[in-house]
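# Results of the structural survey
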Amino acid sequence: MKINRQRKIIELINKYDIDTQQELAQRLIDEGFEVTQATVSRDIRELNLTKVTVDGNKQKYDVPAATMTSINEKYMSVLKDGIVSIECAGNIIVIKTISGMAMAVGAALDAVNHEEIIGTIAGDDTLMCVVKNANNCQSVKEYLENLIA
């Protein structure tokens, strides 16, 4: 849940000019996350978020490039360590993972933001990844295999 929440935080601060922890907490609640101000504060610290000035006088949270690199490395590690096999079935890619890793792999895969991937659904050790077009399923599969190679 933490990885999904922190991914959502990054998404929100990239989309909106959020300048307070309270505003960030409210946006997370609006997105369906149960958070407290203390949780948001901890996430801000763990993500190394900083405040930058916009429009000369307003501040907003921002993700330093080094943090994004670190996050991307973590996602890549989850993908490489968690995926056991990848198979196409129409416009769905079925990904088998180590037991208990499907949700983490799904979150990491969502973070990749591949334009052909609509979304993912995870169980315990199986993940379904929906691709926009069945004709592109094989190329997305190959892309994923290259990521974990």
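A short tour of the structure in this document, coming up. (Residues numbered from 1 in each chain as written. Predicted model: local features only at pLDDT ≥ 70, side-chain atom pairs only at ≥ 80, totals over all residues. Heavy atoms only, no water.)

### Looking at the pattern of salt bridges
How we decide: Salt bridge, as used here, is a side-chain nitrogen of Lys or Arg placed within 4 Å of a carboxyl oxygen of Asp or Glu. Numbering of helices and strands runs from the N terminus; a helix is a DSSP stretch of H or I covering at least four residues, while a strand is a stretch of E covering at least two. Throughout this description, buried means an accessible area under 20% of the type-specific maximum (1.4 Å probe, protein chains only), exposed means over 50%, and partly exposed covers the range between.
One pass over the structure, following the stated rule, counts 8 salt bridges. Note that Asp-43 and Arg-5 form a salt bridge whose closest N and O atoms lie 2.5 Å from each other. Here Arg-5 lies in helix α1 (residues 2–15) and Asp-43 lies in helix α3 (residues 37–46), a separation of 38 residues in the sequence. Exposure class is identical for Asp-43 and Arg-5. Each is buried. A salt bridge links Asp-17 to Lys-60; the shortest N-O distance between them is 3.7 Å. Taken as a pair, Asp-17 in the loop between α1 and α2 (21–30) and Lys-60 in strand β2 (residues 58–62) lie far apart in primary sequence, 43 residues in all. Classification of Lys-60 as buried rests on a relative accessible area of 14%. Within the structure, one salt-bridge network assembled from shared partners comprises Lys-8, Glu-11 and Glu-31.

### Structural notes on the environment of Leu-147
Examined against the element boundaries, Leu-147 turns out to sit in helix α6 (residues 137–148). C-alpha separation for the pair Leu-147 and Met-76, spaced 71 residues apart in sequence, amounts to 7.5 Å.

### Topic: helix α5 (residues 102–112)
Of all the residues in α5, the buried ones are Ala-102, Val-105, Gly-106, Ala-107, Ala-108 and Leu-109. Immediately beyond the C-terminal end of α5, within one or two residues, lies Asn-113, with a positive phi of roughly 55°.

### A closer look at α3
The condition that has to hold: Think of the arc as the fan of directions from the helix axis to the C-beta atoms.
Inspection of α3 places Thr-39, Val-40, Asp-43 and Ile-44 among the buried residues, and these make up the whole buried set. For α3, the angular spread of the buried residues around the axis is 135°, confining them to a single face. Directly beyond the C-terminal end of α3, a positive phi value near 55° is found at Asn-48.

### Describing the packing of α2 against α3
Angle between the axes and distance between the axes are the two parameters that describe a pair of packed helices. Our working definition: Every axis corresponds to a line fitted to the C-alpha atoms, with the helix fit spanning only the stretch in contact, and the corresponding angles, defined between N-to-C directions, vary from 0 to 180 degrees. Here the angle decides the label: under 35 degrees means roughly parallel, over 145 means roughly antiparallel, 65 to 115 means roughly perpendicular, and every other value means oblique. Residue contacts are defined here by distance: any two heavy atoms, one from each residue, within 4.5 Å place the two residues in contact. Put simply, Ala, Val, Leu, Ile, Met, Phe, Trp, Tyr, Cys and Pro go in the nonpolar bin, Asp, Glu, Lys and Arg in the charged bin, and everything else, Gly too, in the polar bin.
Packing of α2 against α3 brings their axes to within 9 Å, and their N-to-C directions diverge by 105°. Classified by the interaxial angle, the pair formed by α2 and α3 is roughly perpendicular. Every residue of α3 that contacts α2 at Gln-21, Gln-22, Leu-24, Ala-25 and Leu-28 is listed here: Gln-37, Val-40, Ser-41 and Ile-44. Residues belonging to the contact of α2 with α3 are distributed by class as follows: 5 nonpolar, 4 polar and no charged.

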